[in-house]
Amino acid sequence: MLHFTRRADVVDIQSLSRSALEHKADPYAYPELGKQKTLGLIFFNSSLRTRLSTQKAAINLGLSCIVMNVGSDGWALEFEDGTVMNGGKAEHIKDAAAVMGRYCDIIGIRAFAGLAERSSDYAEQVLGAFQQYAGVPIISLESATRHPLQSFADLITIKTYQAVERPKVVLSWAPHPKALPQAVANSFIEWMQPAEVDLVITHPEGYDLSPDFVKDTPVIYDQNEAFRDADFVYVKNWSSYNSYGKILSQDMNWTVGERQMTLTNNAYFMHCLPVRRNVVVADAVIDSDRSLVIEQAANRVVSVQTVLAEILKSL
Amino acid sequence: MLHFTRRADVVDIQSLSRSALEHKADPYAYPELGKQKTLGLIFFNSSLRTRLSTQKAAINLGLSCIVMNVGSDGWALEFEDGTVMNGGKAEHIKDAAAVMGRYCDIIGIRAFAGLAERSSDYAEQVLGAFQQYAGVPIISLESATRHPLQSFADLITIKTYQAVERPKVVLSWAPHPKALPQAVANSFIEWMQPAEVDLVITHPEGYDLSPDFVKDTPVIYDQNEAFRDADFVYVKNWSSYNSYGKILSQDMNWTVGERQMTLTNNAYFMHCLPVRRNVVVADAVIDSDRSLVIEQAANRVVSVQTVLAEILKSL
Amino acid sequence: MLHFTRRADVVDIQSLSRSALEHKADPYAYPELGKQKTLGLIFFNSSLRTRLSTQKAAINLGLSCIVMNVGSDGWALEFEDGTVMNGGKAEHIKDAAAVMGRYCDIIGIRAFAGLAERSSDYAEQVLGAFQQYAGVPIISLESATRHPLQSFADLITIKTYQAVERPKVVLSWAPHPKALPQAVANSFIEWMQPAEVDLVITHPEGYDLSPDFVKDTPVIYDQNEAFRDADFVYVKNWSSYNSYGKILSQDMNWTVGERQMTLTNNAYFMHCLPVRRNVVVADAVIDSDRSLVIEQAANRVVSVQTVLAEILKSL
């Protein structure tokens, strides 16, 4: 694995998943794997789980970590080629990435979608520039269109809790006061499609995700129908892909409560956090014993540790 | 010791103080005590001494440290139960604390008083939420009403410098341009009362601290009288407890200078820092050879290292 | 070496340069040199290369690192002596520096020129205060008037790439949209003058640097003439020293492009980064195979590691 930015970067998911269960069972089995190696964590956006879980995983592997918040710690970066840089941007990504690649053996990047222009978000400009110029393996700490460390943690969580061989997994949109990226939803689909689950997507009309991600996954506009007999319900808000970055609905009927959960096969509730309680999901559901949200978060250490270990072995 | 948030959390102060002197004498005696353990430091407010001394102590113990500035690094947290979270707060403390507890073996929290509403400050909402939801030991890096690591460092400092068996210790209010919390004063009282010292509090009328802290400690409104024959003078500003969070006086007669120090028994001058020079205390006093302020700051490494070591041994 | 803030702090540059080449060849040769020692990095300004390269060097030496952004992490500091501190500054540098010196074995400081008042910038108030009050070795991570870790890295780079015994090195001004300090230029001159190179300075009239730095180095106002037969071209913007902190010219004829480079002896192009592309230098030059900018940045790890190792050995 050279980079870890999308599902397609994983060559052998079976092997990676087995490795994840081993890291989960014994987090301190490789205390020297990261010796004399440095992981740079570059945040263009806020982070709690990713920031902490990645540092924790690095500690477990004996890997040194340097954290940098672009913007507050450093300066604004230019991404366009050939620009006359006489405006507000102090450094070109070409130079910044190449330099970081000389200081770090692996670089993690968090760079959310701007939600202003779909084509540039879906071109993954920031992540792509680091892959192109840094000269070292890049891991995505959530990019404009994907959040693979979250999805891998979600996969581990589902594998751990599934009671049937081929569980029904529902990805449901829910309302939110702010316009959010499609990254978590896209990525969840990307990781679930090849997994041995029956994936169904449900959202109000107008919230269809990119066909490049949805492919032939069933989409049902009736949330109740989608939830019927579900084993896992994965809830997440996203803004519109077609009316790009727009909020089309804040319909609280989509807020997941006990009403919808009773339709399921006593489903587990999942969310990547942070979550707006009583907007995305009712307290009664997220606080119930079927809620896996804290377990998912805990598995974030497992997913990133597994990926880091894999990359370290290949260096 | 499960948590370290107040004097009452310490079961055996004699034993803890002995341990402190051992850590002070040999800071590197336990370089592996923190092995494979992680300390999360969560700052809701600025910090210099606490930030640096706690990281230094962790290094001495071989304990890995993850530092997070809530607000700049992460996002605003919701503390009210049952809220419909459609405003500016992105995550509920319930979820954030539970998640942090899965990444960290010990969590340190700095969360100052807001000084807007006394009841919520004195209810210790933030610290209490972490204790309730994180599931791991919590240490206070200064909460709304207390600063126990400072008070423990102050106790160590006094024990080290006292020339008589039962020294007279004066806690004196001093003026300040901004409204400050009562935390340091409350906490100092809480740690001095059971110590073998004669504690006296002095401040202008209207600046009485909470009776829950003052108890039967003598309060004298005449600073000169209070200072007479003192062995240690501990100076600190606080805003009014009764007219909550208000500045009632900026009377520079309370600024501690040589005039007041001559009344004492050649007392040592103490302050927790940061200090407004020539407002709280005159240069001549803080720069004199009776000033212990840098020694107090140095003992911040000792107090937090002792507490961390104690908790680590119990994990 | 007690401090590392200027060229004059280096007693034996030959020995230090030899040491640098050894660290470059084998960065992990001294993994325990920093054991039980702590380096505090205090940033008053933004940093990318310095932040990352210094942490990387510390990791290589087994030296623990504590990073602090003054301003966002801590509070505003007072530098004037005897002030009545009833304004916006919460702590005096005297106290802050003395405290940091109790927590850290070495302190690195980044404090840029304010460019408002020349006398206070050139008095090196911030750096000087840390040297005066911290009681531990201070290394400059770029001060108001110098950037010695950059200059040392530049020296290492030139030594590595020079093809002739006494290369011609040109320091050239280039335009920039913002007013920048003279630190990098001053420092480069300070390190080049005693080196075995022929140094020439070129800039538009009005951009003369301080005579205390320039001394008898030839200054040529005609960039073309200066570039003739150069082996290394070091390009950097600075604001006026005489009309202090002012931008006198944004003449894009000074932007270094292929036109000027063809006049040289196939010179290497150098810049300390971050660089405004197509304002300071044309893409064609910085992206050419004669550009050493990434190599210079990589040598920042070498220069700081060499200096840290030297200081650690002396503790």
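Each value, and the rule that gives it
Residues numbered from 1 in each chain as written. Chains lettered and ligands numbered in written order. Predicted model: local features only at pLDDT ≥ 70, side-chain atom pairs only at ≥ 80, totals over all residues. Heavy atoms only, no water. Buried < 20%, exposed > 50% of the residue type's maximum accessible area, 1.4 Å probe, protein only. Helix = DSSP H or I, 4+ residues; strand = E, 2+ residues; numbered from the N terminus. Salt bridge = Lys/Arg side-chain N within 4 Å of Asp/Glu carboxyl O. Contact = heavy atoms within 4.5 Å. Buried area = accessible area lost by both parts, 1.4 Å probe. Polar contact = N/O pair within 3.5 Å; in protein donor to acceptor, adjacent residues only side chain to side chain. Nonpolar A, V, L, I, M, F, W, Y, C, P; charged D, E, K, R; others polar. Pairing = 2+ DSSP bridges. Axes fitted to C-alpha atoms, helices over the stretch in contact; angles between N-to-C directions. Left-handed = near helix turned anticlockwise from the far one by under 90°.

## Thoughts on helix H3 (residues 93-103) of chain B
Turning to step 1, where the next piece is worked out: When you tally the buried positions in H3 of chain B, you get 10 out of 11 residues, the bulk of the element.
Turning to step 2, where the next piece is worked out: Looking only at H3 of chain B, the buried set comprises Ile-93, Lys-94, Asp-95, Ala-96, Ala-97, Ala-98, Val-99, Met-100, Gly-101 and Tyr-103 of chain B.

## Considering the pattern of salt bridges
When their charged atoms lie close together, side chains carrying opposite charge are able to pair.
Turning to step 1, where the next piece is worked out: A full pass over the atoms with the stated rule returns 36 salt bridges over all chains.
Turning to step 2, where the next piece is worked out: Arg-110 of chain C serves as the salt-bridge partner of Glu-142 of chain C, at 3.7 Å between the closest nitrogen and oxygen. In this pair, Glu-142 of chain C is assigned in the loop between strand S6 (138-140) and helix H6 (148-161) and Arg-110 of chain C in strand S5 (residues 106-110), connecting sequence segments 32 residues apart.
Turning to step 3, where the next piece is worked out: Of the residues examined, Arg-110 of chain C reaches a relative accessible area of 3% and is grouped as buried.
Turning to step 4, where the next piece is worked out: Three or more residues joined by partner-sharing salt bridges are found here, namely Asp-81, Lys-94 and Asp-95 of chain A together with Arg-277, Asp-283 and Asp-287 of chain C.

## Examining the interface of chain C and chain B
Turning to step 1, where the next piece is worked out: Residue-level contacts link 29 residues of chain C with 30 residues of chain B.
Turning to step 2, where the next piece is worked out: Contact between chain C and chain B buries roughly 2,800 Å² in total, counting both sides, with carbon and sulfur atoms accounting for 59%.
Turning to step 3, where the next piece is worked out: In this structure, the connection of chain C to chain B is made through 5 salt bridges.
Turning to step 4, where the next piece is worked out: In this structure, Glu-91 of chain C and Arg-49 of chain B form a salt bridge, with 2.8 Å as the shortest nitrogen-oxygen distance.
Turning to step 5, where the next piece is worked out: Between chain C and chain B we count 13 residue pairs in polar contact (both at pLDDT 80 or more) in total.
Turning to step 6, where the next piece is worked out: Counting residues per element, the side of chain C that touches chain B draws most heavily on helix H3 (residues 93-103) of chain C, which supplies 8 residues.
Turning to step 7, where the next piece is worked out: Along the lines of polarity and charge, the residues of the side of chain C that touches chain B split into 11 nonpolar, 11 polar and 7 charged.

## A short note on the sheet that holds strand S9 (residues 219-220) of chain C
All names here are of chain C.
Turning to step 1, where the next piece is worked out: Strand order in the open sheet formed by 5 strands is S9-S8-S7-S10-S11, with parallel pairing between adjacent strands. Edge positions in the open sheet fall to S9 and strand S11 (268-270), since each of these has one partner strand only.
Turning to step 2, where the next piece is worked out: Sheet topology places strand S8 (residues 198-202) next to S9; 2 bridges connect them, and they run parallel. Across the sheet, Thr-202 pairs through a bridge with Ile-220, a residue of S9.

## Observations concerning the packing of H6 of chain C against helix H12 (residues 293-314) of chain C
For any two helices packed against each other, one specifies the crossing angle of their axes together with the interaxial distance.
Residues and elements named next belong to chain C.
Turning to step 1, where the next piece is worked out: Interaxial distance between H6 and H12 falls to 8 Å at its minimum, and their mutual angle equals 115°. By crossing handedness, the relation of H6 to H12 is classed as right-handed. Each of Leu-149, Gln-150, Phe-152, Ala-153, Asp-154, Ile-156, Thr-157 and Tyr-161 in H6 lies in contact with H12, whose residues at this interface are Glu-295, Gln-296, Asn-299, Arg-300, Val-302, Ser-303, Val-304, Thr-306 and Val-307.

## Examining unusual backbone geometry
Turning to step 1, where the next piece is worked out: The omega angle of the peptide bond from Leu-273 of chain A to Pro-274 of chain A is -5°, so this bond is cis rather than trans.
Turning to step 2, where the next piece is worked out: Mapped onto the elements of the fold, Pro-274 of chain A is located in the loop between strand S11 (268-270) and helix H11 (283-286).
Turning to step 3, where the next piece is worked out: With a phi close to 60°, Gln-36 of chain C is a non-glycine residue in the positive phi region.
Turning to step 4, where the next piece is worked out: Its place among the elements puts Gln-36 of chain C in the loop between helix H1 (13-25) and strand S1 (38-43).
Turning to step 5, where the next piece is worked out: Accessibility expressed as a relative area gives 34% for Gln-36 of chain C, which makes it partly exposed.
Turning to step 6, where the next piece is worked out: Backbone geometry at Leu-115 of chain C places phi at a positive 65°, although glycine is not the residue there.
Turning to step 7, where the next piece is worked out: Within the secondary structure, Leu-115 of chain C is located in the loop between S5 and helix H4 (118-122).

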